[in-house]
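Given next are the chains, with one letter for each unit.
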Amino acid sequence: MLSESAIWKSLNTPGRLILIAGPCVIENERLCLRVASALKKLCDRLGVFYVFKASYDKANRTSAKSFRGPGLEEGLEVLARVRARVGVPVLTDVHTEAQAAPAARVADILQIPAFLCRQTDLIAAAVRTGKIVNLKKGQFLSPEEMGQALDKAKSAGGKRLLLTERGTTFGYHNLVADMRSIPIMRRFGFPVIFDATHSVQLPGGGGDRSSGQREFAPVLARCALAAGASGIFLETHPNPDRALSDGPNTIPLAEMPALLKSLLRVYSAVQ
């Protein structure tokens, strides 16, 4: 397993594509191991730096009846086993200050969810664990405003930070991905990742759940790499139509080899 400094170095290696990917939520350990193993083999073959992602708790589901995940304790146990058995860095999100320290004992990268990117105390708690922190841009913010979130992280001692674009609210039940966000946020001096699958989400578009347009995720991912993104964040599942969270905007696992090869062609062309 790579050390934290080696992971950070890999995230900053010029010319090496980053993929942060996995199921939206931890449904069970078998699913996570299957996805992580398949993507690790694929990325090793293609020379892509891979980080597994999955959430132990989806605290912002549309409906209170929706599946949220196994919870902190059980979820972190699953992530720890994925990390150890597959040998991949792990990313997961934290929703409260109290979650930061336990999550940091397992995860290599802590993620601040987009809806919480202005929560000063949450950002500080994540940074103070010493882990790499990924700040997702809120759907309600301009790319320039993410400079304020970065300042909060840096004032807490953060030096190893990522920024992730995930689309901006555009009317009701829709998002738009403005590719100007990529070069604007790159000016802050940290790697910028593009969240391809959440950018095609239709929030609340399914009534008591979000809908999505997964067919457009590859298009936006290619656009983001052409615009200068360092990597792609996406959700993938063997059977998205049966996924317990974000299925409509999730990429089928079987389509990942062709997708990643197409992304590499774009990425290599603009380096």
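Residues numbered from 1 in each chain as written. Predicted model: local features only at pLDDT ≥ 70, side-chain atom pairs only at ≥ 80, totals over all residues. Heavy atoms only, no water.

**Brief notes about the overall build of the chain**
Consideration 1: Helix and strand counts for the chain come out as nine helices and 13 strands.
Consideration 2: Radius of gyration (C-alpha) of the chain: 17 Å, near the 18 Å computed for a compact globule of 271 residues.
Consideration 3: Taken along its principal axes, the extent of the C-alpha atoms in the chain is 45 × 40 × 40 Å.
Consideration 4: Within the chain, contacts between residues separated by at least 24 positions form 70% of all contacts whose residues are at least 6 apart in sequence.
Consideration 5: Taken as a whole, the chain presents about 11500 Å² of accessible surface, with 50% of it coming from carbon and sulfur.
Consideration 6: Between the centroid of the 35 positive side chains of the chain and the centroid of its 24 negative side chains there is a distance of 5 Å. (Helix = DSSP H or I, 4+ residues; strand = E, 2+ residues; numbered from the N terminus. Rg over C-alpha atoms; globule rule 2.2 N^0.38 Å. Contact = heavy atoms within 4.5 Å. Areas by Shrake-Rupley, 256 points an atom, 1.4 Å probe, with all protein chains shown as cover. Lys, Arg positive; Asp, Glu negative; His and termini not counted. Charge placed at Lys NZ, Arg CZ, Asp CG, Glu CD.)

**Examining unusual backbone geometry**
Apart from glycine, the bulk of residues carry a negative phi angle, and the bulk of peptide bonds sit in the trans form.
Consideration 1: The backbone phi angle of His173 is positive, close to 60 degrees, even though this residue is not glycine.
Consideration 2: Relative to the assigned elements, His173 resides in the loop between β7 (168-169) and β8 (175-176).
Consideration 3: A positive phi angle is found at Asp246, which is not glycine, with a value near 60 degrees.
Consideration 4: Mapping Asp246 onto the fold places it in the loop between β12 (231-237) and β13 (251-252).

**What to know about the environment of Asp195**
Consideration 1: Following the sequence through the fold, Asp195 ends up in strand β9 (residues 192-195).
Consideration 2: On a C-alpha basis, the gap between Asp195 and Glu145 in space is 18 Å, while along the polypeptide they are 50 residues apart.
Consideration 3: Looking at Asp195, its side chain comes within polar contact range of the side chain of Lys136, at 2.5 Å. (Polar contact = N/O pair within 3.5 Å; in protein donor to acceptor, adjacent residues only side chain to side chain.)

**Considerations on the environment of Gln148**
Consideration 1: Within the secondary structure layout, Gln148 lies in helix α6 (residues 146-155).
Consideration 2: On the basis of relative accessible area, Gln148 is assigned to the exposed category, the value being 53%.
Consideration 3: C-alpha of Gln148 to C-alpha of Arg118: the two residues are 30 residues apart in sequence and 8.3 Å apart in space. (Buried < 20%, exposed > 50% of the residue type's maximum accessible area, 1.4 Å probe, protein only.)

**A few points about the pattern of salt bridges**
Consideration 1: Evaluated as defined, the whole model comprises 13 salt bridges.
Consideration 2: Notably, a salt bridge pairs Arg160 with Glu4, separated by 3.3 Å at the nearest N-O pair. Of this pair, Arg160 sits in the loop between α6 and β6 (161-165) while Glu4 sits in helix α1 (residues 4-11), and the two are 156 residues apart along the sequence.
Consideration 3: With relative accessibility at 22%, the residue Arg160 sits in the partly exposed group.
Consideration 4: The closest approach of N and O atoms between Arg83 and Asp108, which form a salt bridge, is 2.9 Å. Note that Arg83 is positioned in helix α3 (residues 72-86) and Asp108 in the loop between α4 (97-104) and β4 (109-112), a separation of 25 residues in sequence. (Salt bridge = Lys/Arg side-chain N within 4 Å of Asp/Glu carboxyl O.)

**Some remarks on the packing of aromatic side chains**
Consideration 1: Going through the model one piece at a time under the given rule, you end up with zero aromatic pairs.
Consideration 2: Here the basic side chain of Lys136 rests over the ring of Phe233, its NZ or CZ set 4.2 Å away from the ring centre. (Phe/Tyr/Trp six-rings, centres within 6.5 Å; stacked < 30°, edge-to-face > 60°. Lys NZ or Arg CZ within 6 Å of the ring centre and 35° of its normal.)

**Notes on the nonpolar core**
As a rule of thumb, nonpolar side chains are buried together in soluble globular proteins.
Consideration 1: Counting residues in hydrophobic clusters, the biggest one holds 86 residues, and the most contacted among them are Phe52 and Phe194.
Consideration 2: Broken down by element, the residue count for this core peaks at eight residues, all from helix α2 (residues 29-46).
Consideration 3: Each residue touching Phe52, except ones within four places of it in the same chain, is listed here: Ala21, Gly22, Pro23, Cys32, Val35, Ala36, Leu79, Val82, Val88, Pro89, Val90 and Leu91. (Core = buried A, V, L, I, M, F, W, Y, C linked by side-chain atoms within 4.5 Å.)

**Examining the environment of Leu141**
Consideration 1: Mapped onto the secondary structure, Leu141 falls in the loop between β5 (132-136) and α6.
Consideration 2: You can call Leu141 buried: its relative accessible area is 6%.
Consideration 3: Apart from residues no more than four positions distant in its own chain, Leu141 is found in contact with Cys117, Arg118, Met146 and Thr168.

**Digging into a positive patch on the surface**
Consideration 1: Taken together, the side chains of Arg45, Arg222, Lys261 and Arg265 define a basic patch exposed on the protein surface.
Consideration 2: Mapped onto the secondary structure, Arg222 falls in helix α8 (residues 217-226).
Consideration 3: Of the residues examined, Arg222 reaches a relative accessible area of 31% and is grouped as partly exposed. (Patch = residues over 30% accessible without salt bridge, like charges linked within 9 Å, V, L, I, M, F, W, Y side chains within 5 Å.)

**Section: the state of the cysteines**
Consideration 1: Under the defined criterion, the tally for this structure stands at zero disulfides.
Consideration 2: The thiol of Cys32 is unpaired, and the distance to the nearest cysteine sulfur, on Cys24, comes to 11 Å.
Consideration 3: In this structure Cys43 is a free cysteine whose sulfur lies 16 Å from that of Cys32, the closest cysteine sulfur available. (Disulfide = S-S within 2.5 Å.)

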